[in-house]
There are 6 protein chains.
Amino acid sequence: MRSVVKISGKIITPERVNLIAGYVEVLSRLAREGLLAAIVVGGGRLARSYIDAARRLGLGKSLQDLLGIDSSRLNAKLLALAMSGLVYPEPVKSVDEAVRIYYSTGKPVVAGGFQPGQSTAAVAMLLAEALGAGRLVLATTVDAVYDKDPSRYRDAKRIQRLSYTKLREVLEQSLEPGHYELLDEQAISIGMRSGIETLVVYGYEPKRVEDAVRRGIAGSVITV
Amino acid sequence: MRSVVKISGKIITPERVNLIAGYVEVLSRLAREGLLAAIVVGGGRLARSYIDAARRLGLGKSLQDLLGIDSSRLNAKLLALAMSGLVYPEPVKSVDEAVRIYYSTGKPVVAGGFQPGQSTAAVAMLLAEALGAGRLVLATTVDAVYDKDPSRYRDAKRIQRLSYTKLREVLEQSLEPGHYELLDEQAISIGMRSGIETLVVYGYEPKRVEDAVRRGIAGSVITV
Amino acid sequence: MRSVVKISGKIITPERVNLIAGYVEVLSRLAREGLLAAIVVGGGRLARSYIDAARRLGLGKSLQDLLGIDSSRLNAKLLALAMSGLVYPEPVKSVDEAVRIYYSTGKPVVAGGFQPGQSTAAVAMLLAEALGAGRLVLATTVDAVYDKDPSRYRDAKRIQRLSYTKLREVLEQSLEPGHYELLDEQAISIGMRSGIETLVVYGYEPKRVEDAVRRGIAGSVITV
Amino acid sequence: MRSVVKISGKIITPERVNLIAGYVEVLSRLAREGLLAAIVVGGGRLARSYIDAARRLGLGKSLQDLLGIDSSRLNAKLLALAMSGLVYPEPVKSVDEAVRIYYSTGKPVVAGGFQPGQSTAAVAMLLAEALGAGRLVLATTVDAVYDKDPSRYRDAKRIQRLSYTKLREVLEQSLEPGHYELLDEQAISIGMRSGIETLVVYGYEPKRVEDAVRRGIAGSVITV
Amino acid sequence: MRSVVKISGKIITPERVNLIAGYVEVLSRLAREGLLAAIVVGGGRLARSYIDAARRLGLGKSLQDLLGIDSSRLNAKLLALAMSGLVYPEPVKSVDEAVRIYYSTGKPVVAGGFQPGQSTAAVAMLLAEALGAGRLVLATTVDAVYDKDPSRYRDAKRIQRLSYTKLREVLEQSLEPGHYELLDEQAISIGMRSGIETLVVYGYEPKRVEDAVRRGIAGSVITV
Amino acid sequence: MRSVVKISGKIITPERVNLIAGYVEVLSRLAREGLLAAIVVGGGRLARSYIDAARRLGLGKSLQDLLGIDSSRLNAKLLALAMSGLVYPEPVKSVDEAVRIYYSTGKPVVAGGFQPGQSTAAVAMLLAEALGAGRLVLATTVDAVYDKDPSRYRDAKRIQRLSYTKLREVLEQSLEPGHYELLDEQAISIGMRSGIETLVVYGYEPKRVEDAVRRGIAGSVITV
C-alpha cells in the first residue's frame, strides 16, 4: 500500500538541516521502493512570519494565506531538490496537477499548501485520495492522539486506535492549537469518504515515518 | 460594494437558454458598472451524470469530483462566452489564478469548481475573500433559509436575517440535500473569518440577483 | 505498427457506462502492449447541446465550436481517467502538446477536439501523422463505407478496400450527415500526404477495435 | 468593422526591413483606432528552408510543419515587438488563446501558423471568426483574384467582386502554387459559414492594407 | 522617464513591516503616475538561510541558487500583494514574461531573481532594458558609491557622478562583499550597452527612492 | 560522467543538413547510453539576421536579443525533433524548466538562448551546473584555444590544457569576435564555482564531440 507523508512545517525548516537530511534518507528509500505517492510539507515558522507581516500591512486573510502557501512551497522545494530524481522536483499546486504528473511520470509529488483557508493536512488527504494512497502518515510535533492535552494533564491517555468520528469528539473537547495540526474537518471528511487510514507519528524521528509507511506502526491509527 | 454571484448548476444549464439569457443581461449590466468580482456556476445535472458514470467505472471519489469540476467549468464557460468582453473568458481554476487575472485586467472572473471534496459555494466564498468582495449572492433553487424544510412542513418559517452560527444550527437540524447547496462548513468558516455577508435569492428569476447586488435585497441575509 | 483510435462521441458518453468499460478493457490491453499512440473522442450529444445553447444565446460559430470542443474533452477525460496510468490523464489541446507529451513520457495521449471548424476525425488524423502512427481506426456508428446510404437503399454495397480518392467520390455523392462523421476533407488530405491507412469499424463493439489495431481487420480499409 | 490582416511571409521577412517599417506604421495607426482584431504572418522563405531541412533529415510532414509554424511565429514576433504596446507581444498559438487574450486585454493579437496541414490564411480566417471581425484583408504577392494566371496569360482578367463559390471554381481551374496562398478550402468554409468578407490587396504596398481596412477598397472582394 | 526600482532583500523582509509599508506608500504613488516599469526585490536573509541549508544538504550551487530565487520571489510577492491592483500581483520569472505582461496590461511588474549565478541587480537592469526604462534606482544598505569602503576608511569619499567604467575600477579595488550588491559585471554591461543610468540611494528611507525616480536625486549617479 | 554539448549556431543551420544528420547520429548514440544531460544550440546566421532587422526597426538591445533567442530555439527544435524520443522535444526556456523536465523524465533537454545579454555558452554552462554534468563540450568553428588568433598569426600555439584563469588572460589579450564564442565571463564564473571542465572541439566533425564526451579527448581542455 502506498502512503502520503505529511511533515509538519516545524520540522522541515532550514534551521534543522540534520533532521531534513534524516528525512531525505528515509523518504528516498521509500520512494525507490514505490511506497510513496506524495510528500506534503507545512509552512511552519516561515509561513507564520509572512502571514503576520501581510496582516500588519493590511492584507486580507486570503492574501495572507497565499503568502503562507508560498512559504510552505519553499520548504517543500528544499526537500524535493534534496531528493532530486526520486520525486518530481517542483511542488505541485493543485490536485489536477498532481494527477497529471503522478500518473504520467510515476514519481511521487511534493506539495505545500493549495488554497487559502485550508490546512496542509487537508492537502495531504486530498492527494492520498486522488493518487489512490490508502494511508496518510502525519509526522507531527506530538507522537499520538491523546484524550486530553498531554502537556497539561498528567493523566492524559494515548489512544492507539480510533475512528474519525471519535477523533472529532476528542478534537471538539480540546481547543489547543497544537491539536488542530493533526486533522481538520476537511481532512477528516475526505478520509472518511474514501477510507484512508491516518497514522500519527512523532516527526522529530524520521525513522518513525519509515515504520509507519512500511509496517503500519504508529502512535495512533485513525480509521473509518 | 462588489459582489460574487454564485448560481446553481440547476439553473445555468444548456436546457435553460432563456434563463441564461436573462442572467447574461443582468450580469452584463452589473459587470459594466463594476459591481461584480466573480461569477461561480455549479455543475448541476451534467456534473452528476459524469460523476455517476465515473463511479460506475470504478473511479475513486477524487477523480469523480475532477469530472464534476470540469462539468461545472463547461457551464461557467458557456456563461462567460455569452458575456464576452465583460468577464475574463476562461473559467479560473484556482484562487491564485483569480487573483492574478482580477488584479491585472480588472475584469470579473468566472469559475466552476476548484477542488475535489469542495462545493462551488465554498469556491464562491473563497473568491469573495480573495478579491475583496464583501457580499456573496447565492442564486439557488430555494428562495431563502427556512427553519424547517418548507417542502415538507407547512409551518416552515423564512428567516430573513441570521448569523452564520445560527445557519449552522439550522443546517444541522435538517438533513435534506437541498439545503446542503446553500453553504457548507468550508464556506461558512471563510465567510465568518472575513466578514462576508451572504444573500440567498430565488435563482430562477435573474432580476432578484440584481436586487441583491445593487440594494442588498434578498430572501435571507446571513452575516457574522 | 501503432494506431490512433477515434471513437464517436455517440459511443463514449456517460449514458453508456458498459460500453465505456468495454473500451477501457480493450484499450488498456492495447496500451500496455505499446500499440496505441492516441485515442480521440468525439463530442456527441453533449457537444450538440452546448453548441445549440450557444447558438441560441447569439454566439458565433467559432465560440459555439469552442464549447463543443470542451464537451468532447470531458468525454475524453472520462475515458482517460478510467485508463489512468496507461495514458496521459489530461486531454491534449494541440499537436504541439501531443508531441511534447508522447515523445517525453512514451504514453498514448487522449484528445477531444482541437480547433473550431475541425472534426475530431481530423484531430485523430493529425495525431496519427505527428506521432508516427500508420493506422487510424475509426470506431463509428456505421460499420463500414457503403456506396449508398445503407439505411435507405437495400442494395447498398459495403466497400471493403478503397482509396482516399474513391472515398471522396462516395462522400460527394451522399449528403447524409451520418457519413460526414467518417472523414472530412482535412482528414483525407492529411491521410493522403502521409500514407496513413484508415480502418472503419462498428464502434458499439469494442472488440472490433482490437481486431483492427492488432490484425488490420475492419469493415472498410481506406488507403492512399 | 474590425479586420484581421494576413500578410504573406514573403513580405514580412528580415530582408525587407523597409517594408516591415511601412507595415508597422500603417498597422499601428489602425490598431490605435481599434480597427484591428488580429495580424497573421506567413512563414515565407524561412519556413521553407526549415521544412526542407526537416524533410531531408527524414522527419514526417507533421514535424516539418511544426518547424514551419515556429518560423512563421518568428516573423510574427518581429512585427509584434516592433508594434509593441499596440498588440499583444507574443504570437498566439491557438484560437482559445486568442480569445482569452483579445477579450481580456482588448489588444489585437498576432499569429503565425497554428497546426500542421493548415495554411496561415486559414489561421487568419479562424481568428476573424473567433474575434468577431467581419473582414479579412489578405496582403499577398498578387494584387487580386484573376480568372487565369496573369503571369502566363496576357488576357487574364481581374475579378473585382466574387463569391466564395466562384473563388472555388477559379482555384480549381488553376493549379499554380501562387494561387494556393490566397485561400484554401478550410479558410473558404470558415469564411462562408460566418459571412466574413475577404479583401485581396497587393502586399508590397502597406498603404493598400490601410485602404482595405478603412474603406473596403481592394483588388478583389470575396463575399458569401 | 520611467524607472526600475531595485530594493535590497535586507530591506524588504517580513521583520521590517514599517519599512515595507513606507515603500508601499511611495511606490503606489509612483505607479499611479506611470513612473515605474518594474520593482525588483532581493532575497536577503531568507535567501541566505535556504541557500545555506541547501549547501549543507549537499545540493550544488545551481539548486542552492534556485532556492534563493524562490526566497526573493516570496519577498517580491509580499510587496506586490500589498500594492495590489497597482502592479501585476505575481512575480515574473523571466524577461519574456515581463515583456508579455508589461506591454499587454501596462502595469509595472515585480520580480525577485531569475537565474542561478545572477544577482537581482542584474535582473533589475535586464528589466530596465527590456521595458524601456532609462533609469535604475538601487535602494541599498549604503547610500552611495565611495572610493574606498566607508566603514573602514575614515577618509572615504562619496562619488556623486561616475561612469560605469569608473565604477568597475572602484569595485575592482575593493573586495568587500557589501559593494558587490551594487552592480556586478552582468548588470554593468547591460547598463552600458543600453545607456541606462543607475542611481544609488539609501534604501532604509523610502522617500529617497521617490526623489530619485521623480527628480534624479541620489547619493551617486552612474552613467555611460 | 554526463556532458552538456554546446554546438555553434554556424553549424546547426538548415543549410547544413548533412552536418546536422551527423550530429543526430552521434548525439543519439550518446543519449541512448545516458551520457548527455543537455544539448545547446546557438543562433548563428539566422539570429543575426533577425537581430539586425530588429535593430534597423528601432528596437532596443533587449528585444533584439529576444528575437535572437527565438532564432536559436528554432535551430534547437530542428535538432530535437530529428532526435525525437531521445531528447525532450521542445527547447527549454529556463534553468527551472530544465530541472523540472530532466529530473522527471530523465531525458536530456535541448536549449537555445535563455535571456537577453547572455551567450548560449553561458546557457550551456548553467545547464551543466543545474543538471549535475561535470563536462561541457564546446563544438565550435575553431578547434581549440590558441595563445593568439591562429588565422592571423602563423606562430599561434594551441593550448592543450589551461585553467579558467588562464583562459581569461588569453581572451583579454585577443579582441577577435571569433574567440568570444568560446566562453564569456558569465560562463567562466559558473564553470569555476562548480568545477565543470570545458572541452573545445572542432564542430564541423561531429565525431570529435563523441570523442570528447566519451573519452575526454579535445583540442583544448579548460579546468578550474
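Structure's up top.
Residue numbering note: each chain is counted from 1, following its sequence as written. Following the order in which they are written, the chains are lettered starting with A and the ligands numbered starting with 1. Note on the predicted model: pLDDT of at least 70 is required for a residue's local features to be given, and 80 or more for side-chain atom pairs to be given and counted; whole-chain, interface and lining totals, by contrast, use all residues. In computing side-chain properties, one takes all heavy atoms of the structure into account and sets aside hydrogens as well as water.

Side note on the interface of chain E and chain A
So, step 1. Contacts are assigned to residue pairs that have any heavy atoms within 4.5 Å of one another. Facing 23 residues of chain E, the contacting portion of chain A comprises 23 residues.
So, step 2. As used here, buried area is the combined drop in accessible area, with a 1.4 Å probe, of two parts when they are placed together. Summed over both sides, the interface of chain E with chain A buries roughly 2400 Å², with 77% coming from carbon and sulfur.
So, step 3. Among the residues chain E hides against chain A, the three largest losses belong to E:Tyr50, E:Leu57 and E:Leu74. Together they make up 27% of the total.
So, step 4. A pairing counts as a salt bridge when a side-chain nitrogen of Lys or Arg comes within 4 Å of a carboxyl oxygen of Asp or Glu. Applying the counting rule to chain E against chain A returns 2 salt bridges.
So, step 5. Definition of a polar contact: a pair of N or O atoms within 3.5 Å, with one able to donate and the other able to accept a hydrogen when the atoms are protein atoms, and with sequence-neighbouring residues admitted only if both atoms are side-chain atoms. Here chain E is connected to chain A by 4 residue pairs in polar contact (both at pLDDT 80 or more).
So, step 6. Of all the secondary structure elements, the ones that give two or more residues to the side of chain E that touches chain A are helix H1 (17–32), helix H2 (44–56) and helix H3 (61–82) of chain E. Elements are defined by DSSP. Helices are runs of H or I of four residues or more, strands are runs of E of two residues or more, and each kind is numbered from the N terminus.

Let's talk about the relation of the copies chain E and chain A
So, step 1. A residue counts toward the fit only if its pLDDT is at least 70 in both copies, and the copies are then superposed by least squares on the C-alpha atoms of those residues. Laying chain E over chain A is done by rotating through 180° and shifting 0.0 Å along the axis; what remains is an RMSD of 0.0 Å. The relationship between the two copies is best expressed as a two-fold rotation axis.
So, step 2. Both copies present the same face, since 100% of the interface residues in chain E are matched by interface residues at the equivalent positions in chain A.

Some thoughts on helix H3 (residues 61–82) of chain C
So, step 1. Counted at 1.5 Å a residue, the expected span for H3(C) with its 22 residues is 32 Å, and the 32 Å between its end C-alpha atoms agrees.
So, step 2. Each residue's exposure class comes from its accessible area (1.4 Å probe, protein chains only) as a fraction of the maximum for that residue type: buried when under 20%, exposed when over 50%, partly exposed otherwise. Buried residues dominate H3(C), accounting for 21 of its 22 residues. Helix span, as expected, comes to 1.5 Å for every residue beyond the first.

Description of the relation of the copies chain D and chain C
So, step 1. Once chain D is rotated about the relating axis by 180° and shifted along it by 0.0 Å, it coincides with chain C to within an RMSD of 0.0 Å.
So, step 2. Mapped onto chain C, 100% of the interface residues of chain D again fall at the interface, so both copies present the same surface.

Remarks on the interface of chain D and chain C
So, step 1. Residue-level contacts link 21 residues of chain D with 21 residues of chain C.
So, step 2. Where chain D abuts chain C, roughly 1800 Å² becomes buried across the two surfaces, and 56% of that area is made up of carbon and sulfur atoms.
So, step 3. On the chain D side of the interface with chain C, the three residues burying the most area are D:Lys61, D:Gln115 and D:Arg193, jointly 29% of the side's total.
So, step 4. Counting across the interface, chain D meets chain C through 4 salt bridges.
So, step 5. Residues C:Arg193 and D:Asp65 are paired through a salt bridge, measuring 2.9 Å at the closest nitrogen-oxygen approach.
So, step 6. Where chain D touches chain C, the interface holds 4 residue pairs in polar contact (both at pLDDT 80 or more).
So, step 7. Listed by contribution, the elements that provide at least two residues to the side of chain D that touches chain C are helix H3 (61–82), helix H4 (95–105), helix H5 (120–130) and helix H8 (185–194) of chain D.
So, step 8. The leading source of residues in the side of chain D that touches chain C is H3(D), at 6 residues.
So, step 9. Class assignment of the residues belonging to the side of chain D that touches chain C gives a composition of 9 nonpolar, 6 polar and 6 charged. Residue classes follow a fixed rule: Ala, Val, Leu, Ile, Met, Phe, Trp, Tyr, Cys and Pro count as nonpolar, while Asp, Glu, Lys and Arg count as charged, and any other residue, Gly among them, counts as polar.

Thoughts on the pairing of strand S9 (residues 220–223) of chain F
So, step 1. Note: strand S7 (residues 161–163) of chain F against S9(F), 3 bridges, orientation parallel. Bridge pairing in S9(F) places F:Ser163 opposite F:Thr223. In this scheme, strands are said to pair when DSSP sees at least two bridges between them.

A look at the packing of H3(C) against H5(D)
So, step 1. Here the axes come from fitting lines to C-alpha atoms, over the contacting stretch only for helices, and the angles between their N-to-C directions go from 0 to 180 degrees. Their axes nearest at 7 Å, the elements H3(C) and H5(D) cross at an angle of 95°. With respect to each other, H3(C) and H5(D) are oriented roughly perpendicular. Listed contacts from H5(D) to C:Lys61, C:Ser62 and C:Leu63 of H3(C) are D:Leu126, D:Glu129 and D:Ala130.
So, step 2. Taken together, the residues of the contact of H3(C) with H5(D) break down into 3 nonpolar, 1 polar and 2 charged. Reported orientations rely on four angle classes, namely roughly parallel under 35 degrees, roughly antiparallel over 145, roughly perpendicular from 65 to 115, and oblique for the rest.

Here we look at the sheet that holds strand S1 (residues 3–7) of chain A
Residue and element names in this part refer to chain A.
So, step 1. Judged by pairing direction, the sheet is mixed, and its 7 strands sit side by side in the order S3-S2-S1-S4-S8-S9-S7 without closing on themselves. At either end of the open sheet lies a strand with only one pairing partner, and these are strand S3 (109–111) and strand S7 (161–163). Along the sheet, successive strands turn relative to each other by an average axial angle of 20°, direction set aside.
So, step 2. Strand direction decides the pairing type here: strand S8 (residues 197–202) and strand S9 (residues 220–223), joined by 3 bridges, are antiparallel.

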